[in-house]
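# Structural overview for review
Below, each chain spelled out in residue letters.
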Amino acid sequence: MASLVTTIVRGLKTCAPRACYAGAVREAGGVLAQREKAQEDQYFYNLQKYQLKRLRDDCDKKIKYHRDQIDKHTEAIRREEQKFK
């Protein structure tokens, strides 16, 4: 999970410092610039949505694993307690 979080954070860091140069189409302005910006914003929105879904799925998988372990240990404790009754 740490590597997934690191990847997401790195991705966010590399996306942020774009203020220096907007590109030739954006500098020209007009409808093309607006369309390019909208497409770029949509791309990064979808990318973040995908990354968050992967992070959530990974966390859910780990939670399920730990709950299964709790169930196994609870059953083992019950069996050991039965030996003394």
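The paragraphs below set out a description of the structure included in this document. In this numbering scheme, every chain counts its residues from 1 along its sequence in written order. The model is predicted, so local features are restricted to residues of pLDDT at least 70 and side-chain atom pairs to those at 80 or more, both for listing and for counting; the totals for chains, interfaces and linings are taken over all residues. The basis for every side-chain value is the complete set of non-hydrogen atoms in the structure, without hydrogens or water.

So, about helix α3 (residues 30-83). Secondary structure elements are defined from DSSP: runs of H or I of at least 4 residues count as helices, runs of E of at least 2 residues count as strands, and each element is numbered from the N terminus. Expected span of a helix: the number of residues minus one, times 1.5 Å. The end-to-end C-alpha separation of α3 is 80 Å, in line with the 80 Å expected for 54 residues at 1.5 Å each. Of all the residues in α3, the buried ones are Ala33, Glu40, Gln51, Leu55 and Asp58. Burial status follows relative accessibility: with a 1.4 Å probe on protein chains alone, a residue under 20% of its type maximum counts as buried, one over 50% as exposed, and anything between as partly exposed.

Quick look at the packing of aromatic side chains now. Ring pairs are drawn from Phe, Tyr and Trp, using the six-membered ring of Trp, whenever the two centres fall within 6.5 Å, and their geometry is named by plane angle: stacked under 30 degrees, edge-to-face over 60, tilted for the rest. Scanning all chains against the criterion turns up one aromatic pair. Where Tyr43 meets Phe44, the ring centres are 5.1 Å apart and the plane angle is 80 degrees; that geometry is what we call edge-to-face.

All right, on to the pattern of salt bridges then. A side chain of one charge can pair with a side chain of the opposite charge if their charged atoms are brought near each other. A side-chain nitrogen of Lys or Arg and a carboxyl oxygen of Asp or Glu constitute a salt bridge if their distance falls within 4 Å. With the rule as written, the count across this model stands at six salt bridges. In this structure, Lys53 engages Asp57 in a salt bridge whose closest nitrogen and oxygen atoms are separated by 2.9 Å. Here Lys53 and its partner Asp57 are both found in helix α3, four residues apart, which amounts to about one turn of the helix. You can call Asp57 partly exposed: its relative accessible area is 36%. Between Lys64 and Asp68 there is a salt bridge whose closest N-O contact spans 3.1 Å. Of the two residues, Lys64 and Asp68 both sit in helix α3, four residues apart, roughly one turn of that helix. Its relative accessible area of 31% is what places Asp68 among the partly exposed residues.

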